[in-house]
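This is what each chain is made of:
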Amino acid sequence: MTAESIETRADNTLLRDNAEVAEALGRNYAAGFVTEIESESLPPGLDEGIIRQLSAIKREPEWMTQWRLAAFRHWQTMPTPDWAKLKIDPIDYQAISYYSAPKAGPKSLDEVDPALLETYEKLGVPLHERAALAGVAVDAVFDSVSVGTTFRKKLAEAGVIFCSMSEAIREHPALVQKYLGSVVPQGDNYFAALNSAVFSDGSFVFVPEGVRCPMELSTYFRINAQNTGQFERTLIVCEDRAQVSYLEGCTAPRRDENQLHAAVVELVALEGADIKYSTVQNWYPGDENGVGGIYNFVTKRGDCRGADSKISWTQVETGSAVTWKYPSVVLRGDRSVGEFYSVALTHHFQQADTGTKMIHIGRDTKSKIVSKGISAGRSSNSYRGLVKVEKGAERARNYTQCDSLLIGKKCGAHTFPYMEVKNPTAIVEHEATTSKISDDQLFYCRSRGIGEEDAVSMIVDGFCKQVFRELPMEFAVEAKKLLEVSLEGAVG
Amino acid sequence: MLKIENLHARVEGKDILKGLSLEVKPGEVHAIMGPNGAGKSTLGNVLSGREGYEVTEGSVLFEGRNLLELAPEERAAAGVFLAFQYPVEIPGVNNTYFLRAAYNAQRKARGEGELDSMQFLKLVREKLKIMQLSPDLLNRAVNEGFSGGEKKRNEIFQMALLEPKLAILDETDSGLDIDALKQVAEGVNALRSPERSFIVVTHYQRLLDYIVPDHVHVLAGGRIVESGDRSLALKLEEHGYAWVAEHGEPAGASA
Amino acid sequence: MNQPARPPFVAALAEAPLPASGVAWLDKARRENLDAFVAAGLPDTRVEAWKYTALRALSQRSFAAGDAQALSRDIDPALLALAGIEGPALVFVNGVYRADLSMLDALPAGVDLQPLSHALAADPESLRFTLSRHYREPGDAFARLNGAFAHDGAVLRVAAGAKISVPLRLVFVGAAAGAEIAWHVRHLVELGEGAELTLIEQHLGAGEQAHLGTQLGDVTLHADATLHHVGLQQAGAGSSLVRRSHYRLGARAQTHLHALELGGTLARHDLRAELVGDAAGFHGHGAFLPDGRQHMDIQLAIGHQARNTVSSSTWRGVASGRGRGVFRGAIVVNTGADGADAVLGNKNLLLSPQAEIDTKPELEIYADEVKAAHGATVGQLDERASFYLRSRGIPEPQARTLLTTAFARAPFESLASERLREHIDQLLLARLPA
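Here, residues in each chain are numbered from 1, in the same order as that chain's written sequence. Key to labels: chains lettered from A, ligands numbered from 1, both in the order written. Whole-chain, interface and lining totals are the exception, using all residues; otherwise, since this is a predicted model, local features are given only for residues with pLDDT of at least 70 and side-chain atom pairs are given and counted only at 80 or more. With hydrogens and water stripped out, all remaining heavy atoms of the structure feed into the side-chain values.

A. The arrangement of the overall build of chain A in detail. In DSSP terms, a helix is any run of H or I states spanning at least four residues, a strand is any run of E spanning at least two, and both are numbered starting from the N terminus. Scanning chain A from terminus to terminus reveals 13 helices and 25 strands. We call a residue buried when its accessible area falls under 20% of the maximum for its residue type, exposed when it is over 50%, and partly exposed in between, using a 1.4 Å probe and counting protein chains only. By residue count, 65% of the 492 residues in chain A fall in the buried class. For chain A, the proportion of contacts with a sequence separation of at least 24, taken over those separated by at least 6, is 83%. In short, Shrake-Rupley with a 1.4 Å probe defines the accessible areas, and a residue's cover is counted only from the protein chains shown. Total accessible area on chain A is roughly 17100 Å²; 49% of this is exposed by carbon and sulfur atoms. Residue contacts are defined here by distance: any two heavy atoms, one from each residue, within 4.5 Å place the two residues in contact.

Structure follows, in structure tokens:
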């Protein structure tokens, strides 16, 4: 495939929508600026030819191309999911461009377009020197390609592989081939199949036996160009007794059109391994009238494949027009542990349908679910979860707590937990409450001199405490700020 | 300092206060006593600006300003403090964090500088000693899991910290045993000064054995029907509120 | 076109003659219901309301429409007795009213109780609204079936202000019929303003014969009415029983439901309560105890549609043998239903390795002045309690039975009638292994 077939977009639409205007319009969405850099994209549309082109641009081996094509063929046979609690316009998959990359392909971080680095700067991404200060290794995915990975050397010394998925496919094909799709198969669901066909980049982490990853790993995702989707694929493998903590942050600029984000994340924990995966999701949520925003349809699943392994998901979801996401854990190994801590905040016309699945297969497996939903404006916020105890899961334990907080009369807060128990030694417990911020609490704060908005943030922060505690420190601070910003104008 | 004139207030369409007048000068302690349902708690809530309490007539001036126009947080910044009868629990919100937010918000509103967390912690530790509260209270969530006595002492502790000009204690004695009552009273007495005034709302006389008031008022049927010095409280104890009802009726009937 | 063949269940009923009423609107409604049933067939497990109850096996069987000998089936009167509770009773055998077994001679003043077949003959127009209803949800197959074929059932009206102290009984007997039959009963219960009533509904089996029974009931409470509704489901071992009850509560009306599910191979019970008047309250309590190969599926849905409405529900499940218990408890608080207070709890015991419990409490909230909470658990008997009993000399099996009975009876503690409470205790004790 040659460069001629790649459309260059330098790009009028970007100019129209310059950062200044966006900032003026978008006080409430601090990440809503557009970066003016030259990018190259595939033309909109999806067929086998596009997939072959994509695979060729990325210089992928033939097995990978075939893997994508198999996923695509399967996707074509699948019905579009109908959304239980979500109202969305039909998505035109032929109108989306499945590849958009900064034109000047970076070789190393020093070669990265300064405008891009500035973008990360605005986002507060601890990249480059900032990364050194923060002690975080960052893999930043801008639109579709990974632009730079810091701390490669230090990680390599420890034996940890942390690179973009594209690079992993080229450099570590055996590992990728062994694990890719082993947790989320190509045909798992509609969006996972689409992702398997067209994923453009993502992160790959491999922590070998007995190694504790010497630092927290982090990826920032950002959708910049118009009419593109972002389909990243992340794969994290921890061998026996290996350990890693991984952070993921997401932002996208303001646009009037809805953009699609359909990611797949696969985690594999072998015997005694421990994976902690934290997300702060702040994709553009659309404006106060529900115009624009990201459709965030994500499949995240962890496989506790070995005994005594542990996978913990923590997520703070404040962005996206529509979120559809159930980070799950398959508790296959005996004594394995799955956790899910979630804060999902919706405002204006946002819709979130999120939760988790805990599938208990091994003996003495344990899972814990803490979900905090906050609904404001005219938004809709649902927890949907499944706890399944299979026949052989002796003494499996689950505890689930789902609380919803309502701010305003026009929003909805819903809880749909499914419990399926087939083992008589299992104990499964679920509790849920729904309430509004109480007038008493607000008045108490105000009578001590704290203004109404501050009082609301304080109470919301307290409501989310159990989840924030699970986040690494700097993320917890960011998460708290995000909630404050997202709730602006929700009261009064 | 505080001047209430002919105050009428209504809750959920029901008239509760029906022409209450009261003047509190700097440094004075006023006790307001009365039977259940007399409107005692309503007074505290109206003064601190709780929603749902509709003032239909009358005025409240605090240091010459119209108190009723101010939002609850503005009243707090102006120096009005209500110690709640039932302090609400706020899960997950750290007590120290809450106190500092309140303290700094008030300072900021008055154009004073804010304290950083170290300075604040030092201040808090000093004040804690006064109330004989255990420092681990600071690490817990606001009022969460506090015993009844701890909640009340925590209210007084907040008062000590925020140093209001006018403190309204709403049935601070209810639910306290005698030892806790003494501790609360000691806390209050320590804060008495020529500049600071108190309105002590209570159903029982016994609190007034420990917090000695300058004036005692009897609230019945939404207005003050009897005022006097401390001996009035003792008379009430002896005769009960039935005596007031009889005694006070003619005044009410002639209104 | 390549139409898939109808499964035997649908095919058999598609060709069955509909009951003739001579009333044009009713004949039309029945025809429409049958057409809708045949067109959609039985729901599969992709339909959310049937997610945990597969009807594949049922769909492969065929049932004759009704029992021509229902009037002459021999029923032992002892079967119909209930804990010494006397009073008016309507008895149906295989869906047909049996005057000979019923007791209608001593109806209290203010009560109008008659079989649907009589009410239709006398005054069909007053039933028109209810009986010409359409059922449009994908899981509504049995309601459609009932709408097409039910020609008997109970019509019960209580006059405004009437407080009826004698409990009324509706008794449904599924009797062996020599062939697999399907029968259907339809109820209408209406309590006038301020009326009060205790209604006991029993399902019983006479003889072992596989059959299908469907029941569809509409219960309307006008303002300030109170209904104590007790359901004792002890259908025969071979029966499949699919019931659905709609409660509609006006201002301040209260329903107290106590439902025990013991019988049937497949027992499905849909309970829907709509709180349409301010301060209406629905208090639903029940237990289901699937054992052997029994499959029990309770679907409770409570809609808060007015201000200050209250619902509280306590359900217990005990699954043993190869039994499977399914519970869905949905609370919906609509826009404007400020002041709603809803709480629901479902606890389950899983007693054997082949048993299964699937539970799904749901909250759907569209108002903000709301207090709503639910909880669900699946687990075992408290070992500490069991140990305590044993340490006092009670042998383990007995200790288990004692604790299991105590667990299952909890929802019935709020039942006012001591006689019924004792009766339920006996049923539970007889059911659980000693």
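B. Broad picture of the overall build of chain B. Each helix and strand in chain B was counted, giving 9 helices and 12 strands. The globule rule used for comparison is 2.2 Å times the number of residues to the exponent 0.38, while the radius of gyration itself is calculated over C-alpha atoms. Rg of the C-alpha trace for chain B: 18 Å, near the compact-globule value of 18 Å for 255 residues, within the 12% margin. Each principal axis of the C-alpha atoms in chain B carries an extent, and together these give about 60 × 40 × 35 Å. Classification of the 255 residues of chain B by burial places 53% in the buried group. Summarising the internal contacts of chain B: among those between residues at least 6 apart in sequence, 68% fall at separations of at least 24. A total accessible area of about 11200 Å² is found for chain B, and carbon and sulfur atoms account for 47% of it.

C. Structural detail: the packing of helix H3 (residues 95-109) of chain B against helix H4 (residues 117-131) of chain B. Residues and elements named next belong to chain B. Where helices are involved, their axes are fitted lines through C-alpha atoms of the stretch in contact, as for all axes, and angles between N-to-C directions lie from 0 to 180°. Closest axis-to-axis distance for the H3/H4 pair is 11 Å, and the angle between their directions is 105°. Considered as vectors, H3 and H4 are oriented roughly perpendicular to each other. The segment H3 lies against H4, with Thr96, Leu99, Arg100 and Tyr103 engaging Ser117, Phe120, Leu121 and Leu123. Here the angle decides the label: under 35 degrees means roughly parallel, over 145 means roughly antiparallel, 65 to 115 means roughly perpendicular, and every other value means oblique.

D. Here's a closer look at the interface of chain B and chain A. Taken together, the contact pairs 32 residues of chain B with 18 residues of chain A. In total, about 2000 Å² of surface goes out of reach between chain B and chain A, with carbon and sulfur atoms giving 64% of it. Every case where a carboxyl oxygen of Asp or Glu lies within 4 Å of a side-chain nitrogen of Lys or Arg is listed as a salt bridge. At the boundary of chain B and chain A, one finds 3 salt bridges. Across the salt bridge formed by Arg448 of chain A and Glu155 of chain B, the nearest N and O atoms sit 2.6 Å from each other. Under this definition, polar contacts are N or O atom pairs within 3.5 Å; protein pairs additionally need one hydrogen-donor-capable and one acceptor-capable atom, and for neighbouring residues in sequence, both atoms have to be side-chain atoms. Summed over the shared surface of chain B and chain A, the number is 11 residue pairs in polar contact (both at pLDDT 80 or more). Buried area: the sum, over both parts, of the accessible surface (1.4 Å probe) that disappears when the two are put together.

E. Summary view of the nonpolar core. Nonpolar cores were defined as sets of buried Ala, Val, Leu, Ile, Met, Phe, Trp, Tyr and Cys residues, with membership established by side-chain atoms within 4.5 Å. Counting residues in each nonpolar core, the largest one holds 113 residues, and the members touching the most others are Ile374 and Val460 of chain A together with Ile199 of chain B. Here this core gets 9 residues from one element, more than from any other, and that element is helix H12 (residues 452-468) of chain A. Those residues in contact with Val460 of chain A that lie beyond four places of it in its chain are Ile374, Leu405, Ile407, Ile437, Leu483 and Leu487 of chain A.

F. Local environment of a negative patch on the surface. The grouping of Glu453, Asp454, Glu484 and Glu488 of chain A at the surface amounts to a negative patch. If you trace the backbone, Glu484 of chain A turns up in helix H13 (residues 473-486). Like charges within 9 Å and nonpolar side chains (Val, Leu, Ile, Met, Phe, Trp, Tyr) within 5 Å are joined into patches, using only residues over 30% in relative accessible area that form no salt bridge. Charge assignment: positive for Lys and Arg, negative for Asp and Glu; neither His nor the chain ends contribute. The atoms used to mark charge sites are NZ of Lys, CZ of Arg, CG of Asp and CD of Glu.

G. Spatial organisation of the sheet that holds strand E5 (residues 65-66) of chain B. Residues and elements named next belong to chain B. In this scheme, strands are said to pair when DSSP sees at least two bridges between them. The strand order across the open sheet built from 4 strands is E2-E1-E4-E5, with neighbouring strands paired in antiparallel fashion. Sheet topology places strand E2 (14-24) and E5 at the edges, where each strand pairs with a single neighbour. Sheet analysis places strand E4 (residues 53-62) next to E5, joined by 2 bridges and oriented antiparallel. Each residue of the ladder has a partner; that of Phe62, found in E5, is Arg65. The sheet contacts of helix H1 (residues 40-48) involve strand E1 (2-11), E2 and E4, and relative to E1 the element is tilted by about 110°.

H. Region of interest: the environment of Ser245 of chain C. Residue and element names in this part refer to chain C. Here Ser245 lies in strand E11 (residues 239-249). For Ser245, a relative accessible area of 5% puts it in the buried group. Excluding residues that lie within four positions of it along the chain, Ser245 makes contacts with Gly217, His269, Asp270, Leu271 and Arg272.

I. Representation of the environment of Leu235 of chain A. By secondary structure assignment, the location of Leu235 of chain A is in strand E9 (residues 233-238). Contacts of Leu235 of chain A, omitting those with residues within four sequence positions, involve Met165, Tyr179, Leu180, Ser203, Phe204, Val205 and Glu266 of chain A.

J. Structural view of the sheet that holds strand E6 (residues 80-83) of chain B. All names here are of chain B. Read from one edge of the open sheet, 6 strands run E6-E9-E10-E3-E11-E12, paired in mixed fashion. Unpaired on one side and paired on the other, E6 and strand E12 (223-228) mark the two borders of the sheet. For this sheet the average axis-to-axis angle between neighbouring strands, irrespective of direction, equals 20°. Both E6 and strand E9 (residues 166-170) contribute to a ladder of 4 bridges, which runs parallel. Each residue of the ladder has a partner; that of Val80, found in E9, is Leu166. The strands touched by H1 within the sheet are strand E3 (29-33), E6, E9, strand E10 (197-202) and strand E11 (215-220), with E6 carrying the most contacts at an inclination of about 145°. Relative to the sheet, helix H8 (residues 230-239) contacts E3, E11 and E12, its axis offset from that of E11 by approximately 45°.

K. The interface of chain C and chain A, seen in detail. Counting residues at the interface gives 35 residues for chain C, matched by 31 residues for chain A. Looking at the side of chain C facing chain A, the largest losses of area belong to Asp368, Val378 and Gln380 of chain C, adding up to 20% of the total buried there. Inspection of the region where chain C meets chain A yields 4 salt bridges. Among the ionic pairs, Lys436 of chain A bridges to Glu369 of chain C, the shortest N-O distance being 2.9 Å. Taken together, the links from chain C to chain A amount to 18 residue pairs in polar contact (both at pLDDT 80 or more). The sheet contact formed by strand E24 (residues 412-421) of chain A and strand E19 (residues 356-365) of chain C spans 6 bridges and is antiparallel. In the sheet register, Glu420 of chain A faces E19 of chain C, and the bridge partner there is Asp358 of chain C.

L. Seen up close, the packing of aromatic side chains. Residue and element names in this part refer to chain A. For Phe, Tyr and Trp, where Trp contributes only its six-membered ring, two rings pair if their centres lie within 6.5 Å, and the inter-plane angle classes them as stacked under 30 degrees, edge-to-face over 60, or tilted in between. Using the criterion set out here, one finds 27 aromatic pairs over all chains in the structure. Here the aromatic rings of Phe162 and Tyr246 are separated by 6.4 Å at their centres, their planes lie at 85°, and the arrangement is edge-to-face. One end of the pair, Phe162, is in strand E6 (residues 161-164); the other, Tyr246, is in strand E10 (residues 243-251), with 84 residues separating them in the sequence. You can call Phe162 buried: its relative accessible area is 3%. Classification of Tyr246 by relative accessible area gives buried; the value is 0%.

M. Representation of the packing of helix H11 (residues 439-447) of chain A against H12 of chain A within the structure. All names here are of chain A. Running from N to C, H11 and H12 cross one another at 125°; their axes reach a closest spacing of 9 Å. In terms of orientation, H11 lies oblique with respect to H12. Every pair of crossing elements has a handedness; the one defined by H11 and H12 is right-handed. Each of Gln441, Leu442, Cys445 and Arg446 in H11 lies in contact with H12, whose residues at this interface are Glu452, Ala455, Val456, Met458 and Ile459. By convention the crossing between two helices is left-handed if the near helix lies anticlockwise of the far one by an angle smaller than a right angle, and right-handed if it lies clockwise.

N. Main features of the pairing of E9 of chain A. Residue and element names in this part refer to chain A. Among the 6 residues of E9, 6 are classified as buried, and the element is accordingly described as predominantly covered. Here E9 shows no split at all, with Arg233, Leu235 and Val237 on one side and Thr234, Ile236 and Cys238 on the other all buried. Examined bridge by bridge, strand E7 (residues 203-207) and E9 share 4 bridges and lie parallel to one another. Bridging from a neighbouring strand, Val205 pairs with Ile236 of E9. Bridge count for E9 against strand E12 (residues 264-269) is 6 bridges, and the pairing is parallel.

O. How the structure looks around the side chain of Asp140 of chain C. Residues and elements named next belong to chain C. In this structure, Asp140 sits in the loop between helix H6 (128-131) and helix H7 (141-149). For Asp140, a relative accessible area of 3% gives the class buried. Non-local contacts of Asp140, meaning those with residues more than four positions away in its chain, are made with Tyr135, Arg244 and Arg272.

P. Here's a closer look at the confidence of the model for chain B. For chain B, per-residue confidence averages 86 on the pLDDT scale, and residues scoring 70 or more make up 95% of the total. Known as pLDDT, the predictor's confidence for each residue is given on a scale from 0 to 100. Taken together, the stretch residues 248-255 of chain B has pLDDT below 50 and engages in 4 contacts with residues farther than four places along the chain or on a different chain.

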